[in-house]
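Listed here are the chains, written in short residue letters.
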Amino acid sequence: MKTFRLNRSGRLYTTSAYVKGEKGQIIFSLLLDTGASFTLLSGNALEKLGYEIHSGKTRYPIVTVNDKLTVPRISLQKFSCLGCTLEPFKVLAHDLPSSARIDGLLGMDFLTMFDFTINTRQGIVTVR
């Protein structure tokens, strides 16, 4: 069992994720989003890692606050978050507004693969 401290901004919690690509590794700041079906990462950052997000990849519909979009779904070489590493791991690629101050969303596709307990009062996640 491992426990990780979350970063808190108001009622929202973020954590860090490490993504590896052909051109290196980037640390992403992700909103812990139990309302998101899929993990979503910045398309611009993924392109810097060497991922081709617009080359005929599978596309998925998403609903944002302002719009309905269809975004690429790509397979990452390596994704590590909250002490868990997946090789490969599929994510949606889309840039959130810069005002969001995050690089993406950590969705239920990742969270349901493991036994997580989220303690919002303490701002921690425990992984068993």
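This text follows the structure it describes.
These remarks concern the structure in this document. What you see is a predicted model, and the numbers here were worked out from it, not measured in a lab. (Residues numbered from 1 in each chain as written. Predicted model: local features only at pLDDT ≥ 70, side-chain atom pairs only at ≥ 80, totals over all residues. Heavy atoms only, no water.)

Side note on the nonpolar core
Side chains that are nonpolar tend, in soluble globular proteins, to be buried together.
Here is step 1: Val19, Leu41, Leu46, Leu76, Phe79, Leu106 and Phe110 are the most contacted members of the largest nonpolar core, which totals 29 residues.
Here is step 2: Counting residues in hydrophobic clusters, the runner-up holds eight residues, among them Ala36, Leu40, Val71 and Leu92. (Core = buried A, V, L, I, M, F, W, Y, C linked by side-chain atoms within 4.5 Å. Buried < 20%, exposed > 50% of the residue type's maximum accessible area, 1.4 Å probe, protein only.)

A closer look at the side chain of serine 42
Here is step 1: You can see serine 42 is positioned in the loop between β5 (40–41) and α1 (43–48).
Here is step 2: Serine 42 has contacts with Phe28, His94, Asp95 and Asp103, leaving out every residue within four places of it along the chain. (Helix = DSSP H or I, 4+ residues; strand = E, 2+ residues; numbered from the N terminus. Contact = heavy atoms within 4.5 Å.)

Considerations on the packing of aromatic side chains
Two aromatic rings, taken as a pair, are described by how far apart their centres are and by the angle between their planes.
Here is step 1: The final tally for this structure, using the stated rule, is seven aromatic pairs.
Here is step 2: A centroid spacing of 6.0 Å and a plane angle of 45 degrees characterise the contact between phenylalanine 110 and phenylalanine 116, whose relative ring orientation is tilted. Grouping residues by exposure puts phenylalanine 110 and phenylalanine 116 together as buried.
Here is step 3: An aromatic cluster of three or more residues is present, and its members are Phe79, Phe89, Phe110, Phe114 and Phe116.
Here is step 4: When the ring centre of tyrosine 60 is taken as reference, the NZ or CZ atom of arginine 73 above it lies at 5.0 Å. (Phe/Tyr/Trp six-rings, centres within 6.5 Å; stacked < 30°, edge-to-face > 60°. Lys NZ or Arg CZ within 6 Å of the ring centre and 35° of its normal.)

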